[in-house]
Amino acid sequence: MKEKIKTMIYHAALKAHQKGILPSPEFGEVEVEEPKMETHGDFSTNFAMTSASRQKMPPRNVAKAVLDHLSDPDHLVERSEMAGPGFINFFIRPSAWSPILKTIHAQKGRFGFSEIGKGKRVQVEYVSSNPTGPLHVGHGRGAAVGDSVANILSFCGYNVQREYYVNDSGRQIETLGRSVLLRFKELLGEKSDFPPEYYQGDYIRGLAKEVMDIKTKPDFESDEEGISFCARYAAKNITEGMRRDLEQFGVVFNRWFSEQSLYDSGKVDNVLKELHNRGMVYEKDGALWFQSSRFGDEKDRVVIRKGGQATYFASDIAYHKDKYDRGFERVIDVWGADHHGYIPRMSAAVQASGHRKDQFQVILVQLVNLLRGGHPVAMSTRAGEFVTLKDVMDEVGKDAARFIFLTRHHESPLDFDLEVAKKKSNDNPVYYVQYVHARISSIIRKGKERGAAETVSGDKPIECLSALEEIQLLKALSRYPDVVCCSAEFMEPHRITFFLMELASLFHAYYNKHRVLTEDPGLTSARMSLVLAVKEVIRNGLSLLGVSAPETM
RNA sequence: GCGCCUGUAGCUCAGAUGGAUAGAGCAACGGACUUCUAAUCCGUAGGCCGCAGGUUCGAAUCCUGCCAGGCGCGCCA
């Protein structure tokens, strides 16, 4: 609808120019918005104001020229007017909204899809938590955001791959091995001072017990062998646990990419050699530095330390190069907001390997404050005490957790209250939205019992949908494709969440005021068509968020 | 000290590319179930959009400076 209005304005301006009323043929982009106030119509444009200087005419004269040349072959507009300093407002004929139902019923679950991605290959990497401990709530938010962004991009015509980067190499893994080995030795009766820099959580003891089951006696040749065995065992085990938790959370990756594999295949060495050949690395103070400052970072960064070990950054350079080598045109990383200082150097690395700056984007996800009944839940990573993602899922359910994670812009901190998330009331937005789906499902069932089933084809006359609440619902449904598009463009799933809450609110209001199943078959059919469309869009939107749409509640 | 993010109703938050009189939910108060699911709805009230300047026809939105909070500034990950 909005697009049609844009076209109308453009054509009117063109015609006015041909008749010599508007001097310039340059119109710029025609912008159309939906005014907040009903008295300003259904759509409004500031076209006259933005092109006033170009046309060298007062805005109101430009507006008049456009208004005088509007043509409306589909008869969408009931009336149009000039307002204020030069706005042009359009009032849509109420019956012009209902054709959207036909589109929805024809496209079903694909309604709102688009081709803006043009099949472009894009990779979304998310969660990528170190395999040194279970996933906690913060990772859950990252998972929800990343997964939803991937869903949305895919829906908008991108060829999306979902990837998890496993940091299964380096010091932290060694520390993990040491931690497990030490607990293992404790189980064998050795006294130890467990160092504070080791992983403290109880799960380490659990892993040590499992190691004990495999190695019934301390038959490690050396500590080194023990560490390496425990490290490999623990990392594998923890990664498997993450995979299970994420699956329960509805998140499934196309690929789990091992950091270690980058070393094994020589890709880290290769990328450093390549950078060396191109003069982008240099030695200083016994270390090897990458010239990230040439690409906008505030200083150069070490890739090989004095002792000869590569930094995490070195494998990250190799990893990101590999992403582009695999053919991804766009790479999106979802990171915790505390890593934001890492963006400039990563971006520099991407540019250094010959890619455009805009081919690499990072979505920063802010932290989650876990509450219970308004009071903070104590969590200390150092002491290894934290509420895991699995705990939260088991307590509040997958749907509530995912939905609530997506009720905020990803860059604003989120209070997650376990009590609220469990509540089955208006406080809890997920049920508010899902309830719409269940209510409509119930109406459909009742309708079928009454033999109204065959009237639900969606192709029946729908002119009788003229109540205010019906027009509002139709307008909201018409907006959905635009919402999805924006959500994809800005990588902001919360736009869909908010849209769904608004649509749900409109539906509940409608439901309370009007009956769908009436004595009038024509009216009943039209209303069935409307609520079926609402149901379809609710399900459609929820699926982009990774939330289910129940038939009954 | 430098950099990034945030600051909107009592609380939690929306307001993309600047648009007209600032938007929800919660909490508070008052109403609505003999009806297709009350996990719902209707009504009332609530605001120097952190502060001060600037840019222009027009600013919550853009620029500058302050104030407050969070995060980051390693040859850690």
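Just above, that's the structure.
Quick summary incoming for the structure in this document.

1. What to know about the overall build of chain A
Turning to step 1, where the next piece is worked out: Looking only at helices and strands, chain A has 20 helices and 15 strands in total.
Turning to step 2, where the next piece is worked out: For chain A, the spread of C-alpha atoms along the principal axes amounts to about 90 × 65 × 40 Å.
Turning to step 3, where the next piece is worked out: Of the contacts made within chain A by residues no fewer than 6 positions apart, 71% connect residues no fewer than 24 positions apart.
Turning to step 4, where the next piece is worked out: With an accessible surface of roughly 25,900 Å², chain A has 50% of that area assigned to carbon and sulfur atoms.
Turning to step 5, where the next piece is worked out: Seen as two clouds, the 73 positive and the 74 negative side-chain charges of chain A have centres 3 Å apart.

2. As for the side chain of Ser179
Turning to step 1, where the next piece is worked out: Structurally, Ser179 can be placed in helix H7 (residues 171–187).
Turning to step 2, where the next piece is worked out: By relative accessible area, which is 0% here, Ser179 ends up buried.
Turning to step 3, where the next piece is worked out: Non-local contacts of Ser179, meaning those with residues more than four positions away in its chain, are made with Phe194, Tyr198, Tyr199 and Ile204.

3. Digging into the sheet that holds strand S10 (residues 301–304)
Turning to step 1, where the next piece is worked out: An order of S8-S9-S10 is seen for the three strands of this open sheet, with the pairing classed as antiparallel. Every interior strand has two partners, whereas the edge strands, strand S8 (281–284) and S10, have only one. For this sheet, the mean inter-axis angle between neighbouring strands, taken without regard to orientation, is 45 degrees.
Turning to step 2, where the next piece is worked out: Two elements, S8 and strand S9 (residues 287–290), share four bridges in a ladder whose sense is antiparallel. By the bridge assignment for S9, Lys284 is matched with Ala287.

4. Observations concerning the environment of Glu115
Turning to step 1, where the next piece is worked out: Of note, Glu115 is situated in the loop between helix H5 (99–107) and strand S5 (121–125).
Turning to step 2, where the next piece is worked out: Residues Glu115 and Ala549 lie 434 residues apart in sequence; the distance between their C-alpha atoms is 25 Å.
Turning to step 3, where the next piece is worked out: If we ignore the near neighbours within four places in the chain, the residues touching Glu115 are Cys156 and Gly157.

5. Some thoughts on the pattern of salt bridges
Turning to step 1, where the next piece is worked out: Overall, the coordinates contain 35 salt bridges when judged by the stated rule.
Turning to step 2, where the next piece is worked out: Across the salt bridge formed by Glu502 and Arg479, the nearest N and O atoms sit 3.2 Å from each other. Here Glu502, found in helix H19 (residues 494–513), pairs with Arg479, found in helix H18 (residues 468–489); they are 23 residues apart in sequence, far enough to count as distant.
Turning to step 3, where the next piece is worked out: Close ionic contact of Lys535 with Glu551 constitutes a salt bridge, the shortest N to O distance being 3.6 Å. Of the two residues, Lys535 is situated in helix H20 (residues 521–545) and Glu551 in the segment after H20; the sequence distance between them amounts to 16 residues.

6. Digging into the protein's contact with RNA strand B
Turning to step 1, where the next piece is worked out: Arg305, Arg408, Tyr435, Ser442 and His514 are the nearest of the 63 residues found near RNA strand B.
Turning to step 2, where the next piece is worked out: Atoms of RNA strand B within 4 Å of the protein: sugar and phosphate make up 64%, bases the balance.
Turning to step 3, where the next piece is worked out: His340 places a polar side-chain atom, nitrogen or oxygen, 2.9 Å from a base oxygen of RNA strand B.
Turning to step 4, where the next piece is worked out: With respect to RNA strand B, the side chain of Tyr432 contributes an N or O atom lying 2.4 Å from a phosphate oxygen.
Turning to step 5, where the next piece is worked out: Listing elements by their share of the surface near RNA strand B, those giving two or more residues are strand S4 (87–92), H7, S9, helix H17 (429–449) and H19.
Turning to step 6, where the next piece is worked out: Broken down by element, the surface near RNA strand B gets its largest block of residues, eight residues, from H17.
Turning to step 7, where the next piece is worked out: Looking at the surface near RNA strand B, its residues break down into 23 nonpolar, 19 polar and 21 charged.

How each quantity is defined
Residues numbered from 1 in each chain as written. Chains lettered and ligands numbered in written order. Predicted model: local features only at pLDDT ≥ 70, side-chain atom pairs only at ≥ 80, totals over all residues. Heavy atoms only, no water. Helix = DSSP H or I, 4+ residues; strand = E, 2+ residues; numbered from the N terminus. Contact = heavy atoms within 4.5 Å. Areas by Shrake-Rupley, 256 points an atom, 1.4 Å probe, with all protein chains shown as cover. Lys, Arg positive; Asp, Glu negative; His and termini not counted. Charge placed at Lys NZ, Arg CZ, Asp CG, Glu CD. Buried < 20%, exposed > 50% of the residue type's maximum accessible area, 1.4 Å probe, protein only. Pairing = 2+ DSSP bridges. Axes fitted to C-alpha atoms, helices over the stretch in contact; angles between N-to-C directions. Salt bridge = Lys/Arg side-chain N within 4 Å of Asp/Glu carboxyl O. Near = heavy atom within 4 Å. Polar contact = N/O pair within 3.5 Å; in protein donor to acceptor, adjacent residues only side chain to side chain. Nonpolar A, V, L, I, M, F, W, Y, C, P; charged D, E, K, R; others polar.

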